[in-house]
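What the coordinates show
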Amino acid sequence: MTRLQETITMAMLTLLLLLSAAFTLGDIMTANIANDLVKFAADQRNPCPRGWFQFNSRCFMFVKTAMTWPKAERHCQLLGEKLKPVRNTVKYLGANLASVHSYEEFRFLQAVVLINTGSFPLTWIGGYDAVQAKVEKDRLWFWSDGSKFDHESWAEGEPNNHYGAREPCIQMNFGAENGWNDESCGKSYPSVCSIRTCLILQTINWFCDWTNQTLKTAMGKSLDWYQEGCENNLKSADMTRLQETITMAMLTLLLLLSAAFTLGDIMTANIANDLVKFAADQRNPCPRGWFQFNSRCFMFVKTAMTWPKAERHCQLLGEKLKPVRNTVKYLGANLASVHSYEEFRFLQAVVLINTGSFPLTWIGGYDAVQAKVEKDRLWFWSDGSKFDHESWAEGEPNNHYGAREPCIQMNFGAENGWNDESCGKSYPSVCSIRTCLILQTIN
């Protein structure tokens, strides 16, 4: 594994040197240079789907249809939902408007645009600071895929909130240097999407043992049929069947959660502790202080912060995590996204364990790309995942008294549901880690 990583690293360094050399010589991008760079960047061991261009571990696609930033982001997510993993090779972890993490990567995106259009049209990428309630001098920028905002390629004089207007989204190919510009998110432009990937190597020999043990703990007896079926699927390297078997194990956990909350829908400290203990998976451990549910880990942060600062704090916590060898990669942390009622109730259990009550708490939902108060709101999660579940309190979301309330807090109202709130208010928060299970043979 170490030698494979070294080989991939050398290939990427070669690509970066070629990019740097090509753009330093007059800083001119031609169609021929663009095609050569894109061809070299392709990695056959970690293939991108047809129509996508690869750079390092991600894949990029130019979308010609002009859309607003919110609709372009939603379109990228829909493209990502259609992708199927490449057996025993790579998982696709979702698509978003493209984030950019180096000058070389930005120039690669320009090459992708040039190949598709023959020019450099203004094009949306995934940057936003839209959680700000008004025009502010000190702006906190984020990427819609949840990754760290660690590179900037602004055009001269940007970002500037031109003429005092809120310009919370980023477009590329602006000005003489084709750099970045902050722009109103409601304008329509083409866009670049990117896919997050996770490299899968081989199968885990012990996987059947720990999933069977988890079910045994829940059911009170051994499930021989599960163990036999799981091992047969491993021997035949049938990853699709294995994934279905794992799904059944997770469904068992969800049913237990549903049953616990349906009986009077009452959450107590004892119930919360029991559920959190059951959800823990010792073979795919969360870091100390984090609570596991399915493939993610959650942490309650007691310190009250604004939504933007809470999101940045979660990202910083994620940067400190190191992968567990031959087991799991941590793909970064963000304010928590919620994808089922059971997961939401699990988050409430985590909060209850840490506080003994249900305080108002930030999670990762936002519609902050809207320039003004609007009736039809497009909600997103700060980790870039699909917004596929809602647990609003009665009457929410409502932009109370006509004010912009673009961020989501939980534990609001009699039912402890969700509420839309001004992002500048300070509350505790829940962070979540995105993980990728590394499938390797352990002898």
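Here, every reference points to the structure presented above.
This report concerns the structure included in the present document. (Residues numbered from 1 in each chain as written. Predicted model: local features only at pLDDT ≥ 70, side-chain atom pairs only at ≥ 80, totals over all residues. Heavy atoms only, no water.)

**Quick word on the packing of aromatic side chains**
Worth spelling out the cut-off: Each pair of aromatic rings taken from Phe, Tyr and Trp, with Trp reduced to its six-membered ring, is defined by centres within 6.5 Å and is described as stacked if the planes are under 30 degrees apart, edge-to-face if over 60, and tilted in the remaining cases. Counting from the N terminus, the helices are the DSSP runs of H or I reaching at least four residues and the strands are the DSSP runs of E reaching at least two. Exposure classes here rest on a 1.4 Å probe applied to the protein chains alone. A residue is buried below 20% of its type maximum, exposed above 50%, and partly exposed in between.
Scanning all chains against the criterion turns up 27 aromatic pairs. Ring plane angle 35 degrees and centroid distance 5.9 Å describe the contact between Y128 and F142, whose orientation is recorded as tilted. Of this pair, Y128 sits in strand β4 (residues 123–128) while F142 sits in strand β5 (residues 142–143), and the two are 14 residues apart along the sequence. The same class applies to Y128 as to F142, namely buried. By the ring-pair criterion, three or more aromatic residues cluster together here, those being W69, Y128, F142, W307, Y366 and F380.

**Side note on the state of the cysteines**
As used here, a disulfide is simply a covalent bond connecting the sulfur atoms of two cysteines. Our working rule: The rule for a disulfide is simple: a pair of cysteine sulfur atoms within 2.5 Å.
Counted by the stated rule, this structure contains seven disulfides. Paired by a disulfide, C76 and C193 hold their sulfur atoms 2.0 Å apart. The chirality of the disulfide connecting C76 with C193 is left-handed, given an S-S dihedral of about -80 degrees. With C76 in helix α3 (residues 69–81) and C193 in strand β8 (residues 189–199), this pair connects stretches of sequence that are 117 residues apart. Taking the relative accessible area as the measure of exposure, C76 reaches 0% and is therefore buried. By relative accessible area, C193 is classed as buried at 0%.

**Thoughts on α3**
Cut-off, in case you're wondering: Helix span, as expected, comes to 1.5 Å for every residue beyond the first.
For α3, spanning 13 residues, the distance from its first C-alpha to its last is 19 Å, which sits close to the expected 18 Å at 1.5 Å a residue. Turning to α3, its buried residues are W69, P70, A72, E73, C76, Q77, L79 and G80.

**Examining the nonpolar core**
In plain terms, the rule: Grouping buried Ala, Val, Leu, Ile, Met, Phe, Trp, Tyr and Cys residues that are joined through side-chain atoms within 4.5 Å yields what is termed a nonpolar core. Contacts were defined at the residue level, with two residues in contact if any of their heavy atoms lie within 4.5 Å.
In this structure, W52, W69, W124, W290, W307 and W362 are the most contacted members of the largest nonpolar core, which totals 44 residues. The residues contacting W290, other than those within four sequence positions of it, are C297, F298, M299, L317, A333, C431, S432 and I433.

**Some details on the pattern of salt bridges**
Note the following rule: One speaks of a salt bridge when a side-chain nitrogen belonging to Lys or Arg is within 4 Å of a carboxyl oxygen belonging to Asp or Glu.
Applying the stated criterion to the full structure yields 12 salt bridges. Between R139 and D182 there is a salt bridge, with the nearest N and O atoms lying 2.8 Å from each other. With R139 in the loop between β4 and β5 and D182 in strand β7 (residues 179–183), this pair connects stretches of sequence that are 43 residues apart. Given a relative accessible area of 0%, D182 falls into the buried group. The shortest N-O distance in the salt bridge between D420 and R377 comes to 2.8 Å. On the criterion of sequence distance, the pair formed by D420 in strand β15 (residues 417–421) and R377 in the loop between β12 (361–366) and β13 (380–381) is long-range, its members being 43 residues apart. With respect to class, D420 is no different from R377; both count as buried.

**Remarks on the side chain of T68**
Structurally, T68 can be placed in the loop between β2 (58–67) and α3. Judged by its relative accessible area of 17%, T68 is buried. Among residues more than four places away in sequence, those in contact with T68 are W124, C185, G186, K187 and S188.

**Observations regarding the pairing of β4**
Inclusion rule: By definition, two strands form a pair when at least two bridges between them are found by DSSP.
The element β4 is extensively covered by neighbouring structure, given that six of its six residues are classed as buried. Both β4 and strand β6 (residues 169–174) contribute to a ladder of three bridges, which runs antiparallel. Bridging from a neighbouring strand, T123 pairs with M172 of β6. The pairing of β4 with β5 spans two bridges and is antiparallel. The partner of G127 across the bridge, within β5, is W143.

**Concerning unusual backbone geometry**
The step from E158 to P159 runs through a cis peptide bond, and the omega angle for that step is -5 degrees. Structurally, P159 can be placed in the loop between β5 and β6. For the bond running from E396 to P397, omega is -5 degrees, close enough to zero to count as cis. In this fold, P397 is placed in the loop between β13 and β14 (407–412). Despite not being glycine, N173 shows a phi value in the positive range, around 70 degrees.

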